[in-house]
Amino acid sequence: MRTIVIGSTKHLLMAIFYASLGIVVALLVAGIGFLNARPDLDIWHTVELTAEFKRAQGVETFSDYIALEETLFEEVEQKIYAQTLAPHSSILNRYVRGSLADPQKWRHDWNRSYEWPKQDADFGVLLLHGMSDSPYALSHVAKHFKDKAHVLGLRLPGHGTIPSGLVNVQWQDMAAAVTLATEHLKRLLDGKPLYVIGFSTGAALALNHELERVAQSKAGEYSAMVFLSPAIGLPPVAAGAQWQARLGALLGLEKLSWNSIQTEYDPFKYNSFAVNAGDVVYQLAERNQFLLERASAQQLESLPSVLAFQSLTDDTVSTPAVFSGLFQKLPEDNHQLVIFDINRTEVNMGLIEQDPMLNFDGIFNSKHLKYDLTLVHNNVKTLDLPRDVVAETHFTRGETETQVLNLSWPRNVYSLSHVALPFPIEDSLYGPEGVHYVKRIQIGAASTRGERGVLGVSADEILRQKWNPFFPYLISRIDKFITELE
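For clarity, every value in this text was computed on a predicted model and none was experimentally measured.

## Observations regarding the overall build of the chain
Counting its regular elements, the chain contains 13 helices and 12 strands. In the chain, which comprises 486 residues, the proportion classed as buried is 51%. If you take every contact in the chain between residues at least 6 apart in sequence, the share linking residues at least 24 apart comes to 74%. By element, 53% of the accessible surface of the chain is carried by carbon and sulfur atoms, the whole surface being about 23600 Å².

Shown next, in the form of structure tokens:
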């Protein structure tokens, strides 16, 4: 009987093997057909920039980093812009000089790091943008603090140049750049407070900087941290992203290194997205969770106070993870979380399949919070005008405060998005009005209509909310947060 069992098992395993092989072959055939249907890669997807910063390459100071960045952008001019000289078919390509998306149409080159010194500043501010972004992402925050603080907006490695910069970048490279910028500011401020403001991946990098110091029993370097749409957790599918790129390298299919290949019409953000970029954020988030889990409650008390802003609906990072993966792990110490609810009109609620608030049932009614929790909402059950918005804060001491913001939801906007939080309505690129004194792309003012499947940009991307109607409240909360810490 044992022989029969072994034989049966052998045949069963062979059957499973050949069935699996057949599935793999079928998937490869389907995948190759899918890849052939995708747009071709261009030079900004394939060119490697040799002057990009890598950790442990002899760059020891932030001044060295800036010098290398200058060489990097000279390389971009030679390898990219010199190859796309007019005439060129695309009027919307950022890599064509004179196009509507040419970054030079802006007065300031927001793709590069910038530093605005202030001799008599009482504090410093370090700004860290998100994955595939550029320093433009936090430009309005920078302008707000320009007359108050010594401001530094860091361009993270792999960003601000060409999308191929994200094919091989590692989160440790970005973390090393953050360390250089932090050390630079700490030296210049000479004991004055340094605050870090991070958007998405930038927030995760700021958190990692302090958690790594906690793990080494070192004092923190930031007086406080402000996070916008922080990348605390990502969907589980991100864990397998690296295998797609590795399969592409094995088969010689470069397109498998990309989740999306699009026209580069945004002057300060990559539209094409490398698979590695998502994997980098996932690895960074996992590293932060490991450090949080390993740290004792006493060690976490040395972390600076955190103020975070998050949309209830975020398709890029996990909103539940901001609760469970960060704030519920922090000890009680002036930590504050602001959640932007959806626009609760009767029409919107009739179109929304499931209220996203159901995922957080009970949290906003908790009397045992270790942090102050604010919900920015227009609950039509309690407000006379459904478009009017209030900020309802549940304090750690058990009290509740409701503040009328004198702000309202724009018509036809049902929620914020991951990318909207750092931009006010006045933003000339992502805002709804744009500018009239210069001929350049105005992404937020687009109102394109037509048949589906015609444009190379998805309707989801065109319709995504790109500016924050509650930006004035966001800035006021940051100001209050910093003032109360001084």
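## Section: the packing of aromatic side chains
Scanning all chains against the criterion turns up 20 aromatic pairs. Ring geometry for Phe62 and Tyr65: centres 6.0 Å apart, planes at 10°, overall stacked. Residue Phe62 and its partner Tyr65 are located together in helix H3 (residues 62–79), separated by 3 residues, close to a single helical turn. Assessed through its relative accessible area of 1%, Tyr65 is described here as buried. Joined through ring pairs, the aromatic side chains of Trp106, Trp110, Tyr114, Trp116, Tyr136, Phe268, Phe423 and Tyr430 make up one cluster. Directly above the aromatic system of Trp116 lies the positively charged group of Lys146, at a separation of 4.7 Å from the ring centroid. In this structure, Arg440 is placed above the aromatic ring of Trp106, and the distance from its NZ or CZ to the ring centre is 4.1 Å.

## Digging into the pattern of salt bridges
Taken as a whole, this structure holds 17 salt bridges when the rule is applied. Put simply, Glu77 and Arg97 hold a salt bridge, and the shortest N to O gap is 2.3 Å. In this pair, Glu77 sits in helix H3 while Arg97 sits in the loop between H3 and strand S1 (114–116), placing the two residues 20 residues apart along the sequence. When its relative accessible area of 33% is taken as the criterion, Glu77 is described as partly exposed. We classify Arg97 as partly exposed; its relative accessible area is 28%. Two residues, Lys148 and Asp479, come together in a salt bridge whose shortest N-O distance is 3.4 Å. Residue Lys148 is found in the loop between helix H4 (139–145) and strand S3 (150–154), and its partner Asp479 is found in helix H13 (residues 471–485); the two are separated by 331 residues along the sequence. Salt bridges sharing partners connect three or more residues here, namely Glu52, Glu69 and Arg155.

## Observations regarding the pairing of strand S8 (residues 305–311)
Along a regular strand, successive side chains alternate from one face of the sheet to the other. Among the 7 residues of S8, 7 are classified as buried, and the element is accordingly described as predominantly covered. In this structure, strand S5 (residues 224–228) lies alongside S8, joined through 5 bridges in parallel fashion. Note on S8: the bridge partner recorded for Phe227 is Ala308. As paired strands, S8 and strand S9 (residues 336–340) are joined by 5 bridges and run parallel to one another. Across the sheet, Leu307 pairs through a bridge with Gln336, a residue of S9. For the crossover from S8 across helix H10 (residues 319–324) to S9, the handedness is right-handed.

## Points about the side chain of His159
With respect to the helices and strands, the residue His159 is situated in the loop between S3 and helix H5 (171–189). On the basis of relative accessible area, His159 is assigned to the buried category, the value being 0%. In terms of polar contacts, His159 uses its side chain to reach the backbone amide nitrogen of Ser132, at 3.0 Å. Among residues more than four places away in sequence, those in contact with His159 are Glu52, His129, Gly130, Met131, Ser132, Asp133, Leu166, Met174 and Tyr270.

## Details of unusual backbone geometry
Negative phi is the rule for most residues except glycine; trans is the rule for most peptide bonds. A positive phi is found at Ser200, a non-glycine position, where the angle reads about 60°. Mapped onto the elements, Ser200 comes out in the loop between strand S4 (194–199) and helix H6 (201–215). By relative accessible area, Ser200 is classed as buried at 6%. The backbone of Ser229 shows a phi angle near 45°, a positive value even though the residue is not glycine. Take Ser229: its relative accessible area is 0%, and that puts it in the buried class.

## Description of the nonpolar core
Ranked by internal contacts, the top residues of the largest apolar core, which has 79 residues, are Leu126, Leu154, Phe227, Phe323, Phe327, Leu337 and Leu373. It is H5 that provides the largest number of residues to this core, a total of 9 residues. Once residues within four sequence positions are removed from consideration, Leu337 is found in contact with Ala308, Val322, Phe323, Phe327, Tyr371, Asp372, Leu373 and Thr374. If you look at the next biggest cluster of nonpolar residues, it comprises 52 residues, including Val338, Val376, Trp467 and Ile475.

Thresholds, definitions, all that
Residues numbered from 1 in each chain as written. Predicted model: local features only at pLDDT ≥ 70, side-chain atom pairs only at ≥ 80, totals over all residues. Heavy atoms only, no water. Helix = DSSP H or I, 4+ residues; strand = E, 2+ residues; numbered from the N terminus. Buried < 20%, exposed > 50% of the residue type's maximum accessible area, 1.4 Å probe, protein only. Contact = heavy atoms within 4.5 Å. Areas by Shrake-Rupley, 256 points an atom, 1.4 Å probe, with all protein chains shown as cover. Phe/Tyr/Trp six-rings, centres within 6.5 Å; stacked < 30°, edge-to-face > 60°. Lys NZ or Arg CZ within 6 Å of the ring centre and 35° of its normal. Salt bridge = Lys/Arg side-chain N within 4 Å of Asp/Glu carboxyl O. Pairing = 2+ DSSP bridges. Right-handed = clockwise from strand over helix to strand, strands pointing away. Polar contact = N/O pair within 3.5 Å; in protein donor to acceptor, adjacent residues only side chain to side chain. Core = buried A, V, L, I, M, F, W, Y, C linked by side-chain atoms within 4.5 Å.

On their own, these measurements won't tell you what the molecule is for.
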